[in-house]
Amino acid sequence: DPGMSTMAVVDTPDIRVLRDYAEPGATRRMHQHADATFHVFTLVTGQLTLTVEGEMPQDVTQGQVVSIKGGAMHTFTNTGKVTATIVEVFGKAKK
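Conventions used here
- Residues numbered from 1 in each chain as written.
- Predicted model: local features only at pLDDT ≥ 70, side-chain atom pairs only at ≥ 80, totals over all residues.
- Heavy atoms only, no water.
- Phe/Tyr/Trp six-rings, centres within 6.5 Å; stacked < 30°, edge-to-face > 60°.
- Helix = DSSP H or I, 4+ residues; strand = E, 2+ residues; numbered from the N terminus.
- Lys NZ or Arg CZ within 6 Å of the ring centre and 35° of its normal.
- Pairing = 2+ DSSP bridges.
- Axes fitted to C-alpha atoms, helices over the stretch in contact; angles between N-to-C directions.

How two aromatic rings sit relative to each other is given by the distance of their centres and the angle of their planes. This structure, assessed with the given rule, holds one aromatic pair. The interplanar angle of 65 degrees and the centroid separation of 5.4 Å between the aromatic rings of Phe 41 and Phe 76 together place this pair among those described as edge-to-face. In this pair, Phe 41 sits in strand β4 (residues 36–45) while Phe 76 sits in strand β8 (residues 74–78), placing the two residues 35 residues apart along the sequence. Positioned over the ring face of Phe 90 is Arg 16, at 4.9 Å from the centre of the ring.

And the structure:
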């Protein structure tokens, strides 16, 4: 997605940690992490609007932590004037 970048910080059979960067105005398209048993979304810097399928969009501010149901479809847009930094932690389903 334009203005977005993602880096895997940890990727083991049990857990995955991603660091995402969203430039001002950037949107991560609606997506899911199909193998996630849980999903913790932490906004480290910036502000954004997070939309989880079936829920109302919510404004997320710097330092806020949101729990998303594992595998849920979601999208987010950086609504601020600085690059947003997000850390996402996922539990991974056993294969």
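An order of β1-β2-β9-β4-β7 is seen for the five strands of this open sheet, with the pairing classed as antiparallel. Because the sheet does not close on itself, it has two edges, and the strands there are β1 (4–11) and β7 (65–69). Sheet twist, expressed as the mean angle between neighbouring strand axes with direction ignored, is 20 degrees. One ladder, built from five bridges, connects β4 with β7; its direction is antiparallel. The partner of Val 40 across the bridge, within β7, is Ser 67.

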